[in-house]
Every structure is written in C-alpha cells, then in structure tokens.
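A look at the structure
If you want the building blocks of each chain, they are given just below.
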Amino acid sequence: MRRAASAGPRVALVVCALVVLWLLACAVAPGLVAPGDPLAIHPLQGFEPPSLAHWFGTDESGRDVFTRVVHGAGPSLLIGVAATAIGIVLGVALGTLAGLGPRWLDFGTSRLLEVLFAFPGLLLALLFIVIYGPGITTSTVAVGLATAPGYARIVRSQMLAVRGAPYIEAEVVLGRPPLWRFRRSILPNVAGTLFVLVTLGVGQSIVWASSLSYLGLGAKPPTAEWGAMLSAGRTYIDSAWWLTFFPGLVIVASAAAATVLGRTIQGRVRGS
Amino acid sequence: MPVRPVIRSTIIAFATAGALALSLAACTPQSSTGAGSSDSPVRGGTLTYASGDAEPTCLDPHVGGNYPQALVATQYLEELVSKNTKGQIIPWLATKWTESKDGLSWDFTLRDGVKFTDGTPLDAAAVKANVAHIQDPATGSSTGYLALGKVASTEIVSPRVIRFTLSQPDSALLESLTQPWLAIESPAALKRSKDVNCAHPVGTGPFIVKQWKKQDSITLVRNAGYTSPPADAAHHGPAYLSKIVWRFIPDSATRYAALKAGEVDVIDNAQPDTIVAAHKTKSLTELNAPRPGASNRIELNSGKAPFNDEKVREAFIRAADVNDGIKTLFFGTAKRSYSALSSVEPLGYSEPGLFGYEPKKANELLDAAGYTTRDADGYRTKDGTRLTVVFPVSTNQSIPAEQSLFEQIQATTKKVGFDVKLEPMDLSSWYAALAKNDYDAVSAPYTKVGPDVLRILYDSASITPAPSGYFANLAQVDIPSLDATLEKAAQVSDVAERSALYETAQKTILEGYYILPLYDQQNHYLLRNDVVGLRALPSVSTPLFYDTWLDR
C-alpha cells in the first residue's frame, strides 16, 4: 500500500516540500523574500485589504502583513525547532535511561513519565511560564519540556525493542563493551525513528509556540511572530479578516507540511 | 459641556418624527426622561450585561476604588447627591445641604424613610459610619479616601442631619460626593468582616447583590422596597427589570459577538471598529458617555531618569506621532485631546501647540540633554546607558486600539532614539509595577467629577501612596507653586477666580511636558435596540439600569 505510487500523494509531497523550502528561505533570508521592514508603521494606511501593493493587506498600524508573515517565519520556526530539540534531547536521555538501564531505573523513570503524562502538555508549558515569566526563551523551553515525556516513551520502547534484537545478543556474546554497543548498534537503529519524530515534532511545536504567543505568553507585540499577529488581529476579526487569515494560514501550512513530510519519511523508514 | 448621550436612534426619531410620529413608537430614544416612548414600560425580565473591564476584587467601592467597581456598584449603592446633565448638583440620598459662610462646615439633610436592603434605616449615624469606613486605613480606600481628604470630622446634628467639618474649604466637596466611590452603605453591613462586605455590600440602590460567581458573573436582583431614585430619574418605585446578570467577557471581539447574537443585551468598552459596525446594524445602538475628570494621557515619570530632565520629556512628546494613529485606529470615534482634563469638564484648558510632531526638534533636545551617542541598535545612549522608557500597559484598561497606538508611539519615538519597552500586563501586576516605581511612562485613567482631579493627580502629596498602596501622581510632578495653586483653587468658590487658577495649574502641567494627552477616556456602550431607558449617570458616566426595561 505504501508503495502505491498514485499521483495525489506525490503532488501533495511536492507541495509540502515547496512550502517547507519557502519557509526555510523566509527564515534564513527574509529580506530577500520581502525586502520591507516588518515593524515600519504607516498610521494613515491602516486596515487596507489585500491588494497588489500589499498582498496580504495592512494591519492596524499600516504595517505590511505579507512582510510580517515572512519575517515571522524566522522566530516561529526557530521556536519550533529549538523546542523540538530540547524535547528530543531530554526525551532521548530519559528514554535511554529507562530502556537500557537496570530494571529499577526503568521503573522509576517510567512512573515519572506517567506522572508527567497526567498533565496535558500545554498545561505543563503554562505552569513553567507562570514560574519563569513570559517571553520567547521561556515559551521555547516550556514547549520543549512539555513534549519531552512523549519522546521519552517512544525512545524507551525503541530501545527495549533493539536491546532484545538477536544482533545485539550476538554482540554481547562477542564481548563488545556496552558503550560500543550503544554507539555502533543501538543508536543508529533508533536514529531513523528519531528523525521522523523530529520532523513531526517541529510542526507540533510551531502550533504550540504560536498558541503561547497568541495567549500573550510568548513573543511580545509588535514582534513579527505568527501567534502574536493572530492575537493582535483577533480584535478586528469582524472588520479586517486578513489580519488573522494569513498568519493562521502559514501556521496551518507549516505544521501540515512538516507533518506530511514526517509521515512520508516515516513510511520510507518502515518500508526499507 | 455636560455629558449628553448621543444616540443614533434619537437622531432618526427626530428627523422623521413629523411624518411618522406614531410608527416610531418602537424606536425609543435612550434618554433619562424616556420622552418619545408611547409604550408603557414592561416590568420584569432579565438583562445581561457584559463588561470588558477587569472583574473587581471587591464589590464595595470604598475599598480601593476603581472604575470597574463603580460600574457595577451604581446598580446597588447610592450617593448623597448626584449631578444632572446640565452639570448641576441635585438631591439623592440628601434632600438639601447648606454650607457655612467660612466654607468649613456643611450640613446635609437626609431623605426620610429610606432603608438599606438589610432593613437598617438611613440616618445621620449611617453617613458618619461610612465616612469613618472610607477614612479608616484598614479599609484600604484610595479614590474615596483622597476625595474626603479635607473632611476632618462628622457630627450627628439630628437623626436626619449630618454635619461635615472640613480642615479647609473644599469647592469640590459636592462633586466628590456624587461619585460611586463615596456611596452610602449599610452601617450594620460595614461592621461585618471585609471579605463578607466585599462579596455582599448592602446599600439602598434599586438592585441587590444576590450572588457573585468569581471569574464568571454577578447576579443582581430587584430591590422590591426601593424608594430613593435620584432627582432626575424617569420614574418612582422599584426598578422595571427583575434581574441583571453582570458578566465579564474580557475579549472585545467575543463581547461584541455575544451582543450581536443576542446572548447579552449591553456591552461596555466597545472597540472603535465595532462601534462603526454597530452603527450599520439595525438591532444595535450606541451610548457614548465620555468619562469626566482627566483625559486619557501618557504620564512621564519625572521622578527618575530619563524623564527627570524636562528636555527629554519634551523630546519624547515631540517625537511621538499621535494624530495619524488616532485617526486610523479609532475610526473617527475619538477626538485628539490637548488637555489634562476631559472635554466634559468646563474648566479644561487645551494647548495644541505644545504637542506637535517635530522629530527634528526632538533630536536637538536629546543632543542638548546629553544623549549624543547611538548604540548598535540605533538607540541613543548617555554615559553608556541606553535611553530606555519602561512602559507598563494594563491590558484591562487599555483597549487593543490604544495598545496599538502605544506601539505606534514606540515606533515613531524609536526614530529619534528612544527605546520604549511596552510591557502588557494584567491589572494587579500593573498596580504592582507602579507601586515599585518600575515605570517611566504609563497611561492610567483617573475618573473624578470636576477639575479637582488635577489636585489628586498632580499635587506632590499624591506621590505618597494612599492606604491601598496606589499613588495618583504617576508623573511624580513636584512643584511647590503648582501645589499652592491647586490648593487655592480647591478652596475658592468664586467661579472666575477658580477657573483662572485651574488654567494656571494646567498650563504648568502642560508646559512642563509632564503628560502627553491622547483623547477623552473612551466610554462607549453598545446595546440591543429593545433595551429601553438606559442612561449613563452624569456623575462618572456609569450606566444606571433603574429606568431600563426590555421591549420584547
């Protein structure tokens, strides 16, 4: 089934790849995609609907929404990637401890993870922000921490599966030291899954980080950041739809593209 | 100019009255008299009000004393006197009053036969207990405490006559007493613990606090034994509505959507874009009632660097482009102010020439003030310190359009090298930041009837916190001659002399570049067309639902 090469999924994949490439271009060189200043205000040109001069319209202070969306890609993606990195590193550490450590350590770590699972991820992130104050850094760390338990559990089960595999048993018989086994055999076998998790995680983290900014807990106005733009535009949802539509669109597009790519890679990894 | 609610339906009614007088019966103007309505008021029904102001932490407006408390307390508490739309003081719980020749003694005669809703009679002892409650530091009053600053003692002359003895003449005493923060509560109820009284204050008003579900709503029910409407009310006896559900919906878009859907009947703090939209919606009308007292202005903290230097203050004001922003963000619903006082205050003094947008002059002033170097980000520095302006913004008090205006001021003042740090925060964090002197600029609404608000806001004594911990002189203006002028103005009753003194005081404040006036304190209510007879009390423009009924 996964090999069925119908045209639909191909097109979707290409579109997603293009979206991701475009986002990366925006993140790396926003000035090339949209040369304007995302913070430049033109008070008398506020609330202009989309036009040739302003593709995505202008916001309440006359700032160009397209420029802001493009320049917002950097912070939004950075928060997504950084949060995922934090989550994965913590998840791998905890998952490895549980999966490869002695039974009592596995027991302890697993119970800790279950307790963390009892809290919805976003709640955990909110708690962290309440303690350390709002801002881009704290919201990134908060999202990272909140996603860590999920990763840890997957990594643990992968570790357990690989640990019991015949080729590892063979290495034990051959007398390879534990660290060598971890580095040469276990980690490479888990890496494929991890890569898929990262791709899927970035999409999710972008959504979460945007949610936090939307709630006023992440990037502060007037920073060009998708969640913050959505939050500022919400007030005018009745009179100026473009203020929320375009930031919302890129959040959905980036999360969807990252997820579709992740699933495809997942399929490849399983298929090979 | 007195507060005069301008209502679209009124205008329509007048325009077409000649031809269609009878058919317009359903389109009743929202006025204090209810004139124009040929329908007889419907008794009963529940009205749902949605407030965008912060939920009060205490329903007794003696405690602290802010506008959210005044809004809801207007429904269940009453004052000694009130104000009509012509600006005259009219009887309420007091039927008459006399001032001694030296202005140091005032006798108020109380209305006969009025009872608090717990059965306690309204008498001179009750008024005495209320003044004592407001002046007791343990109450933690700010607004009421400052307004009664000159009341040295009270004396029971007879059960129905109370005497206020003042330390100095107070030309603002009657205006102060019209405010909800000086409402008269049941003395028996005041004896209960603070927590209990905060949850269930007891007054003489047309409604009674039945239940307060925190973070959700306050339920008010009709006071069936009500006998004490103000002199300008449209009817006598109990209120028409049997119940008011007072909800809190902080998000303005949600609040407007709820009104449009008919889920709520009245909303406050309407957004400019929704006011314009409501004008085009048949089922909705607007009640515009700018608040008296101070204008909405940005106060520059002259108590510490960088704004302790007048040149830097002037530079900030010259560098802030305000007019274009107001034009776009407020859709024509707000007019630029150049005064420290609200446009409804007859003694307000404007000086537009001081507030022109002149970035070139701003740059010169900053050079002269010693901020001659710029750092890598383009901000000016002096001795290695960046020209930073910490600006805490209360998201409960500043509507999104105002917050956007602040962002624009941030952007325009950046051009000359100011680093304005906007810090949106909730009301309690905002109060805390001010108490810690952790701000350089702030926009703090202050509502008080009459120009005496200038004394509250700009007398050096107001830098000292009131018992609630709040201090009103946020610009930290400390000028002995200004103190003297304001003190004198508050004592003289001669109209010409008083207005000359207030003009001098306002000139000092404006010309010292302590404030950047923006516009009147916006106070727009939107209501469904079938809500009849709603008016804003001319005292502090809070809505009063006593004469209101539902035409459905």
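Reading the values: rules and limits
- Residues numbered from 1 in each chain as written.
- Chains lettered and ligands numbered in written order.
- Predicted model: local features only at pLDDT ≥ 70, side-chain atom pairs only at ≥ 80, totals over all residues.
- Heavy atoms only, no water.
- Helix = DSSP H or I, 4+ residues; strand = E, 2+ residues; numbered from the N terminus.
- Rg over C-alpha atoms; globule rule 2.2 N^0.38 Å.
- Buried < 20%, exposed > 50% of the residue type's maximum accessible area, 1.4 Å probe, protein only.
- Contact = heavy atoms within 4.5 Å.
- Areas by Shrake-Rupley, 256 points an atom, 1.4 Å probe, with all protein chains shown as cover.
- Axes fitted to C-alpha atoms, helices over the stretch in contact; angles between N-to-C directions.
- Parallel < 35°, antiparallel > 145°, perpendicular 65-115°, else oblique.
- Left-handed = near helix turned anticlockwise from the far one by under 90°.
- Core = buried A, V, L, I, M, F, W, Y, C linked by side-chain atoms within 4.5 Å.
- Pairing = 2+ DSSP bridges.
- Salt bridge = Lys/Arg side-chain N within 4 Å of Asp/Glu carboxyl O.
- Buried area = accessible area lost by both parts, 1.4 Å probe.
- Polar contact = N/O pair within 3.5 Å; in protein donor to acceptor, adjacent residues only side chain to side chain.
- Nonpolar A, V, L, I, M, F, W, Y, C, P; charged D, E, K, R; others polar.
- Disulfide = S-S within 2.5 Å.
- Phe/Tyr/Trp six-rings, centres within 6.5 Å; stacked < 30°, edge-to-face > 60°.

1. What about the overall build of chain B?
- When helices and strands are tallied, chain B shows 17 helices and 25 strands.
- A compact globule built from 552 residues would reach a C-alpha radius of gyration of about 24 Å, and chain B, at 24 Å, matches this within 12%.
- Based on the C-alpha atoms only, the size of chain B along its principal axes is roughly 70 × 55 × 45 Å.
- Every one of the 552 residues in chain B was classed for burial, and the buried ones make up 59%.
- Residue pairs at least 24 apart in sequence account for 72% of intrachain contacts in chain B once pairs closer than 6 positions are excluded.
- When the accessible surface of chain B is summed, it comes to about 19,900 Å², and 54% of that surface belongs to carbon and sulfur atoms.

2. Things to note about the packing of helix α8 (residues 178–214) of chain A against helix α9 (residues 226–234) of chain A
All names here are of chain A.
- Axis separation between α8 and α9 bottoms out at 7 Å; the angle between their running directions is 40 degrees. Looking at the two axes, α8 sits oblique to α9. Seen from above, α8 lies across α9 with right-handed handedness. When α8 is examined against α9, the residues Ile206, Ser210, Ser213 and Tyr214 are found in contact with a partner set consisting of Trp226, Gly227, Ala228, Leu230, Ser231 and Arg234.

3. Remarks on the environment of Gly45 of chain B
Residues and elements named next belong to chain B.
- Along the chain, the position of Gly45 falls in the loop between α1 (8–20) and β1 (46–51).
- Classification of Gly45 as partly exposed rests on a relative accessible area of 31%.
- The spacing of Gly45 and Asp377 is 332 residues in sequence and 60 Å in space, taken between C-alpha atoms.
- Those residues in contact with Gly45 that lie beyond four places of it in its chain are Leu241, Ser242, Lys243 and Leu550.

4. Quick look at the nonpolar core
- Core analysis: the largest hydrophobic core is formed by 101 residues, its most contacted members being Trp226 of chain A together with Ile298, Ile409, Phe418, Tyr458, Leu516 and Leu518 of chain B.
- For Leu518 of chain B, the contacting residues outside a window of four places in its chain are Asn296, Arg297, Ile298, Val322, Ile326, Lys335, Arg336, Ser337, Leu405, Phe406 and Ile409 of chain B.

5. Comments concerning the sheet that holds strand β13 (residues 296–300) of chain B
All names here are of chain B.
- Strand order in the open sheet made by the three strands is β19-β13-β20, with antiparallel pairing throughout. The open sheet has two edge strands, β19 (441–443) and β20 (515–519), and neither has a second partner. Sheet twist, expressed as the mean angle between neighbouring strand axes with direction ignored, is 20 degrees.
- In this sheet, β20 lies alongside β13 in antiparallel orientation, the contact comprising four bridges.

6. Some thoughts on the environment of Ala40 of chain A
Residues and elements named next belong to chain A.
- Examined against the element boundaries, Ala40 turns out to sit in the loop between α2 (30–33) and α3 (65–100).
- By relative accessible area, which is 27% here, Ala40 ends up partly exposed.
- Along the sequence, Ala40 and Thr67 sit 27 residues apart, while their C-alpha atoms lie 9.9 Å from each other.
- Not counting residues up to four positions away in its chain, the partners in contact with Ala40 are Gly62 and Arg63.

7. Overview of the pattern of salt bridges
- Applying the stated criterion across every chain, the model contains 32 salt bridges over all chains.
- Here Lys448 of chain B ties to Asp452 of chain B by a salt bridge, and the two come within 3.3 Å at their closest N and O atoms.
- With a relative accessible area of 1%, Asp452 of chain B lands in the buried category.
- The salt bridge involving Asp452 of chain B is made with Arg455 of chain B; its shortest N-O contact spans 2.8 Å. The same class applies to Asp452 of chain B and to Arg455 of chain B, which are both buried.
- When salt bridges with common partners are traced through the structure, they connect Asp59, Glu60, Arg63 and Arg68 of chain A together with Glu407 of chain B into a single cluster.

8. Quick look at the sheet that holds β1 of chain B
All names here are of chain B.
- Within the open sheet, the seven strands sit side by side as β8-β9-β10-β1-β11-β21-β12. Their pairing is mixed. Here the strands that pair on one side only, and so sit at the sheet edges, are β8 (207–213) and β12 (284–288).
- One ladder, built from two bridges, connects strand β11 (residues 266–267) with strand β21 (residues 524–528); its direction is antiparallel. Bridge pairing in β21 places Val266 opposite Leu527.
- Along the sheet, helix α8 (residues 252–260) makes contact with β1, β11, β12 and β21, crossing β21 at roughly 30 degrees.

9. Considerations on the interface of chain A and chain B
- Facing the 17 residues of chain A at the interface are 24 residues of chain B.
- With both sides pooled, the region where chain A packs onto chain B buries about 1,700 Å², and carbon together with sulfur makes up 57% of that total.
- Here chain A is connected to chain B by three salt bridges.
- Remark: the boundary between chain A and chain B carries seven residue pairs in polar contact (both at pLDDT 80 or more).
- Of the residues that constitute the side of chain A that touches chain B, the class distribution is eight nonpolar, four polar and five charged.

10. Remarks on the side chain of Ser210 of chain A
- If you trace the backbone, Ser210 of chain A turns up in helix α8.
- Sequence-distant contacts of Ser210 of chain A, that is, excluding residues within four places in its chain, are made with Glu225, Gly227 and Ile251 of chain A.

11. Things to note about the pairing of strand β7 (residues 161–166) of chain B
All names here are of chain B.
- As defined by bridge partners, strand β5 (residues 105–110) adjoins β7 across five bridges and the pair is classed as antiparallel. Within the sheet, the bridge partner assigned to Ser105 lies in β7 and is Thr165.
- For strand β6 (residues 151–158) and β7, the ladder comprises six bridges, and the chain directions are antiparallel. By the bridge assignment for β7, Ile156 is matched with Ile162.
- Between the end of β6 and the start of β7, which pair antiparallel, lie two residues.

12. Thoughts on the state of the cysteines
- Evaluation of the coordinates by the stated rule reveals one disulfide over all chains.
- The disulfide partner of Cys58 of chain B is Cys198 of chain B, and the S-S distance across this bridge is 2.1 Å. For the disulfide bridge between Cys58 of chain B and Cys198 of chain B, the dihedral angle about the S-S bond is near -85 degrees, and by the sign convention the bridge is left-handed. Of this pair, Cys58 of chain B sits in the loop between β1 and α2 (67–73) while Cys198 of chain B sits in helix α7 (residues 194–199), and the two are 140 residues apart along the sequence.
- With a relative accessible area of 3%, Cys58 of chain B lands in the buried category.
- Cysteine Cys16 of chain A shares no disulfide, and the gap to the nearest cysteine sulfur, in Cys26 of chain A, comes to 16 Å.

13. Examining the packing of aromatic side chains
- Counted under the stated rule, the structure contains 24 aromatic pairs over all chains.
- Both rings, one in Phe307 of chain B and one in Phe316 of chain B, keep their centres 5.4 Å apart while their planes meet at 70 degrees; by these two values the pair is edge-to-face.
- Among the residues examined, Phe307 of chain B registers a relative accessible area of 0% and is labelled buried.
- Ring centres 4.8 Å apart and planes at 40 degrees place the aromatic pair Phe391 of chain B and Phe406 of chain B in the tilted group. With Phe391 of chain B in strand β17 (residues 388–394) and Phe406 of chain B in helix α13 (residues 400–414), this pair connects stretches of sequence that are 15 residues apart.
- Owing to a relative accessible area of 1%, Phe406 of chain B belongs among the buried residues under this scheme.
- Pairwise contacts between aromatic rings join Trp55, Phe56, Phe66, Trp241, Trp242, Phe245 and Phe246 of chain A into one cluster.

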